Amino acid sequence: MSANPSEEVNPGASFLASAQSALKDAATALNLDPNIYAILKTNERSLIVSVPVEMDDGHVEVFEGYRVQHTGARGPGKGGIRYHPAVSLEEVSALAQLMTWKCALVNVPFSGAKGGVSVNPRELSVNELRRLTRRYTYAISPIIGPRTDIPAPDMNTDERTMGWITDTYTMLKGESSGEIVTGKPVNLGGSVGRINATGLGVAISAEQALLRADLNPQQCAAVIQGFGNVGTWSARHINDLGVSIVAVSDISGGYYNPQGLNIDEMVAYTKSSPSRTLAGYGAPGLQPISNEDLLTLKCDVLVPAAMENQITGANADKIQAKLIVEGANGPTTPAADTILQRRGITLVPDILANAGGVVVSYFEWVQGREGFYWTADEVRERLHRFMEVAYRDMADFSQERGVSLRQSAMMLAVQRVADALEMRGVFP
Ligand code: GLU
């Protein structure tokens, strides 16, 4: 339960309210032109679509889908597509706005967008999922395009989904259109290193934070909430830094071993388990742990890599981590943020910490447009550079202005987008 009742009512609405309040705070701190703020508060375009799908048994199920473009100020729209029962227009709007700030902060020439379908993908067969994806792509096709808005994977969508979108869009246009999405299979023009990019970016952020806190990774323990694409790759790459991963969780529960978990073994287990989760996983010394207890475990690094609104006014007081690195989008509510800041817990915000995915999406888009592909080393080395520069800008500005890393990241990002809007002027 949350201490702040508005955090509970409609998760999507409270998430959007959090995003709006972060923008408002940054606008106030920057003394932003009210005309620019008035534009940034709103979404440029929001599309709601109905997605009828013929199910395997012959009956038709109708799902609701969305695509929201926040602002076109700094380039074409960019952002993932999420399949989850909690997807709503408000949630997608908040996520589109976060994408704007993320792209600006890491300096990739995109604006924020996001899409989603309100569906529980675990209840659909592969064929149903493919039909859903194709119909959704068709429904949003009037507003997406390689130069207008480029989708990518997000929660419960992956390379396979992006392959279906590529094919559907190509069929609709009658021409090769690989640049319509990023996060495609390498075989269809995807980039090497895209699949693990978000997790690697989380680990690079964690490394920067540990370095600045004078903590030796070899003597540190990390806890990861969420074991999807972001959680698993964050765990692996943070483990590569020498940090011991002592607890992880997924929808089947939490898994804790103070001596450290065998992440590779756990990832291999999820790949072969019928539910694709950790359900039934066992190992010597392993203890079950609840989600609430996992978040408040004593550790050096906590990586929330599941959903939004996880660290709230109700549990922020009990967090025992020294550093929080936000792998998910919006896992910390504003009420929790205030508490963590007061308690001196360093928090690396989502728009920096999980930006590795969109940075490599940018690399993929560039490679697709050029028709010339980079090596894994080139992708990795360039991702490191983008993340380290953005981290340094954020950390320096935070020191200079005496604000938290989140406030600093938001101020830098909002200023960059505001500058672009200022240069363009208001159409017509
Ligand atoms: N869904 C990812 C995110 O939230 C990646 C978006 C992209 O690559 O466009 O950042």
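Residues numbered from 1 in each chain as written. Predicted model: local features only at pLDDT ≥ 70, side-chain atom pairs only at ≥ 80, totals over all residues. Heavy atoms only, no water.

End to end, helix α13 (residues 376-401) covers 38 Å across 26 residues, agreeing with the expected 38 Å (1.5 Å per residue, within 8%). All of the buried residues in α13 are V379, L383, M387, A390, Y391, M394, A395, F397 and S398. Next to the buried residues of α13 lie α3 (89-105), α6 (197-212), β12 (346-348), α11 (350-353), α12 (356-370) and α14 (405-424). One or two residues past the end of α13 sits G402, with phi positive at roughly 65°. (Helix = DSSP H or I, 4+ residues; strand = E, 2+ residues; numbered from the N terminus. Expected span 1.5 Å × (residues − 1). Buried < 20%, exposed > 50% of the residue type's maximum accessible area, 1.4 Å probe, protein only. Contact = heavy atoms within 4.5 Å.)

So, about the site of the ligand. Around the ligand sit 14 residues in total, of which K78, K102, P153, D154 and S361 are the nearest. In this structure, an oxygen atom belonging to the ligand sits 3.1 Å away from a side-chain N or O atom of N329. Considering the ligand on its own, with 300 Å² of exposed area, one finds that the protein chains cover 95% of that surface. Contributions of two or more residues to the shell around the ligand are made by β3 (77-84), α3, β5 (149-153) and α12. Here the residues of the shell around the ligand sort into 4 nonpolar, 5 polar and 5 charged. (Near = heavy atom within 4 Å. Polar contact = N/O pair within 3.5 Å; in protein donor to acceptor, adjacent residues only side chain to side chain. Areas by Shrake-Rupley, 256 points an atom, 1.4 Å probe, with all protein chains shown as cover. Nonpolar A, V, L, I, M, F, W, Y, C, P; charged D, E, K, R; others polar.)

We now examine the pattern of salt bridges. With the rule as written, the count across this model stands at 16 salt bridges. As a salt-bridge pair, K184 and E364 come within 2.7 Å of each other at their nearest N and O atoms. Note that K184 is positioned in the loop between α5 (159-173) and α6 and E364 in helix α12, a separation of 180 residues in sequence. What makes K184 buried here is its relative accessible area of 4%. E364 sits in the buried class, given a relative accessible area of 1%. Taking the shortest distance from any N to any O, the salt bridge between R406 and D350 comes out at 3.6 Å. Remark: D350 occurs in helix α11 and R406 occurs in helix α14; sequence separation between them is 56 residues. (Salt bridge = Lys/Arg side-chain N within 4 Å of Asp/Glu carboxyl O.)

Summarising the sheet, strand β1 (residues 45-54) and strand β2 (residues 60-69) pair through 10 bridges and their orientation is antiparallel. Note on β2: the bridge partner recorded for E54 is V60. With antiparallel pairing between neighbouring strands as the criterion, β1 and β2 make up a hairpin whose turn holds 5 residues, including G58 at a positive phi of roughly 100°. (Pairing = 2+ DSSP bridges.)

The next thing to look at is the packing of α6 against helix α7 (residues 229-240). As a packed pair, α6 and α7 sit with axes 7 Å apart at the nearest point and diverge in direction by 45°. With respect to their mutual orientation, α6 and α7 come out oblique. Handedness of the α6/α7 crossing: right-handed. Side by side, α6 and α7 meet where T198, G199, L200, V202, A203 and A206 of the first sit next to V230, W233, S234, H237 and I238 of the second. When its residues are assigned to classes, the contact of α6 with α7 shows 7 nonpolar, 4 polar and no charged. (Axes fitted to C-alpha atoms, helices over the stretch in contact; angles between N-to-C directions. Parallel < 35°, antiparallel > 145°, perpendicular 65-115°, else oblique. Left-handed = near helix turned anticlockwise from the far one by under 90°.)

Moving on: the sheet that holds strand β6 (residues 221-225). On the basis of which strands lie adjacent, the open sheet formed by 7 strands has the order β9-β8-β7-β6-β10-β11-β12 and mixed pairing. Two strands in the sheet have a free side with no partner beyond their single neighbour: β9 (287-289) and β12. With direction set aside, neighbouring strand axes in the sheet form an average angle of 20°.

Here we take up the confidence of the model for the protein chain. The share of residues in the protein chain with pLDDT of 70 or more is 98%, and the mean pLDDT across the chain is 96. Scored below 50 in pLDDT, residues 1-8 shows 15 contacts in the model against residues more than four places distant or in partner chains. (pLDDT = per-residue confidence, 0-100.)

Our next topic: the environment of L241. Relative to the assigned elements, L241 resides in the loop between α7 and β7 (244-250). Looking at L241, the relative accessible area reads 18%, which means it is buried. Considering only alpha carbons, one finds L241 and R343, 102 residues apart in sequence, at a separation of 26 Å. The contact partners of L241, leaving out residues within four places of it in the chain, are A203, E207, P217 and Q218.

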